[in-house]
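Below, each chain spelled out in residue letters.
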Amino acid sequence: MISETSNPAETRDWLPWPVRIVLVRTTHPGNIGAAARAMKTMGLSELVLVSPREFPHEEATARASGADDLLAAAQRYETLDEALAGCRLVMGTSARLRSVAWPQLEPREAAATLLASAGAGPVALLFGTEKSGLSNEELDRCQVLVNIPANPAYSSLNLGMAVQLLAYELRLAWLGEARVPVERDVAPARAEDLERFYTHLQQVLINSDFLDPSNPRQLMRRLRRLYARARPDEQELNILRGILSAVDPAGEAARRRRQDP
Ligand code: SAH
């Protein structure tokens, strides 16, 4: 929490849930400053930067105006993995709708869903680099995509503006708390545990000759989307990992079965 005088329950200044705004590979430092200002006006404080081209930078400080405390407190990482550690829900914003198969929400629903998950732990909202947005590999890390339904003929907002809009929706969702959907009783799996699961799944699919590593096509991406729609919780993920270990033809369980049929 940034302000020493804040008491969220009464004053409703700072959002009382851990919502990370993650700016990925930002090119223009001015946009980092604009994002910080957009966040602070809406009571968000957790700014996370992944491989910014230039930061700290005087342009960032200038555009942040009175939100330079957020810049000073910003977490900076080289990789997205580090930025997402511990996150229970990861959403990525995109100016283009890349595929209908990916779970997609408009900003209003996205904000309510993020707040609902933030009760179980940190959640993250990703913003891509100015020219090309989030890469496919970065989108693979997201369980949900968020699109601001802009003019289809000109749909790409300035990065700081996109942060402003989503930050505003988060604030509205908080102020109208009653509409925030209730999360399940078991916490959704963490981002890093999901990654371990996908690595394990891929290995077992290769070991069982279902997946040909020399011709993987889009299999893993499609499976990611399937599991992203289901959003497994910690227990469900443990069950899936257990099944993978039991059926892996190269695994310990199969070796034991061969020795002692
Ligand atoms: N050509 C890029 C635009 C990048 S704009 C693309 O197609 O994605 C930089 C970032 O601003 C985007 O990665 C996204 O995080 C955000 N953004 C811009 N316009 C948006 C929109 N209409 N909906 C959601 N996010 C948007």
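Located above this text is the structure these notes cover.
Residues numbered from 1 in each chain as written. Predicted model: local features only at pLDDT ≥ 70, side-chain atom pairs only at ≥ 80, totals over all residues. Heavy atoms only, no water.

### Re the layout of surface pockets
- The computed volume of the largest pocket comes to approximately 420 Å³.
- Looking at which element gives the most residues to the lining of the largest pocket, the answer is helix H8 (residues 159–175), with three residues.
- Its residues assigned to classes, the lining of the largest pocket comprises nine nonpolar, ten polar and four charged.
- Empty space within the second largest pocket amounts to approximately 200 Å³.
- Lining the second largest pocket are Asp140, Glu195, Tyr198, Thr199, Gln202, Pro216, Arg217, Gln218, Leu219, Met220, Arg221 and Arg224.
- Among the elements of the structure, helix H9 (191–207) and helix H10 (219–230) are those that each provide at least two residues to the lining of the second largest pocket. (1 Å grid on protein atoms, 1.4 Å probe; cavity = no way out; pocket = protein on both sides within 12 Å on 5 of 7 lines; lining within 4 Å. Points joined across faces, edges and corners; volume = space filled by probe spheres on them. Helix = DSSP H or I, 4+ residues; strand = E, 2+ residues; numbered from the N terminus. Nonpolar A, V, L, I, M, F, W, Y, C, P; charged D, E, K, R; others polar.)

### Comments concerning the sheet that holds strand E3 (residues 75–77)
- Within the open sheet, the seven strands sit side by side as E3-E2-E1-E6-E4-E7-E5. Their pairing is parallel. Each edge of the open sheet is held by one strand with a lone partner, namely E3 and strand E5 (104–105).
- Two strands pair when backbone bridges link them, and E5 and strand E7 (residues 144–146) are joined in this way by two bridges, in the parallel orientation. Residue pairing for E7: Leu105 is matched across the bridge by Val146.
- Against the sheet, helix H6 (residues 107–118) makes contact with strand E1 (19–24), strand E4 (89–93), E5, strand E6 (123–127) and E7, and its axis sits at roughly 160° relative to E4, the strand it touches most. (Pairing = 2+ DSSP bridges. Contact = heavy atoms within 4.5 Å. Axes fitted to C-alpha atoms, helices over the stretch in contact; angles between N-to-C directions.)

### Some details on the packing of H9 against H10
- Running from N to C, H9 and H10 point in directions that differ by 135°, and their axes come no closer than 11 Å. Here H9 is positioned oblique relative to H10, judged by the angle of their axes. For the pair H9 and H10, the crossing hand works out as right-handed. Contacts between H9 and H10 pair Glu195, Phe197, Tyr198, Leu201, Gln202 and Leu205 from the former with Leu219, Met220, Leu223, Arg224, Tyr227 and Ala228 from the latter.
- Per-class residue counts for the contact of H9 with H10 are nine nonpolar, one polar and two charged. (Parallel < 35°, antiparallel > 145°, perpendicular 65-115°, else oblique. Left-handed = near helix turned anticlockwise from the far one by under 90°.)

### So, empty space enclosed by the protein
- Applying the stated criterion to the full structure yields one cavity of 30 Å³ or more.
- Approximately 90 Å³ is the volume found for the largest cavity.
- Taken together, Asp140, Arg141, Cys142, Gln143, Ala191, Leu194, Glu195, Tyr198, Arg224 and Ala228 make up the lining of the largest cavity.
- Ranked by residues supplied to the lining of the largest cavity, first place goes to H9 with four residues.
- When grouped by side-chain class, the residues that make up the lining of the largest cavity number five nonpolar, one polar and four charged.
- Two domains share the lining of the largest cavity, each providing at least three of its residues, namely domain 1 (2–183) and domain 2 (191–259). (Domains from an automatic or database assignment.)

### Some points on the side chain of His200
- Looking at the element boundaries, His200 is found in helix H9.
- By relative accessible area, which is 15% here, His200 ends up buried.
- Each residue touching His200, except ones within four places of it in the same chain, is listed here: Arg241, Leu244 and Ser245. (Buried < 20%, exposed > 50% of the residue type's maximum accessible area, 1.4 Å probe, protein only.)

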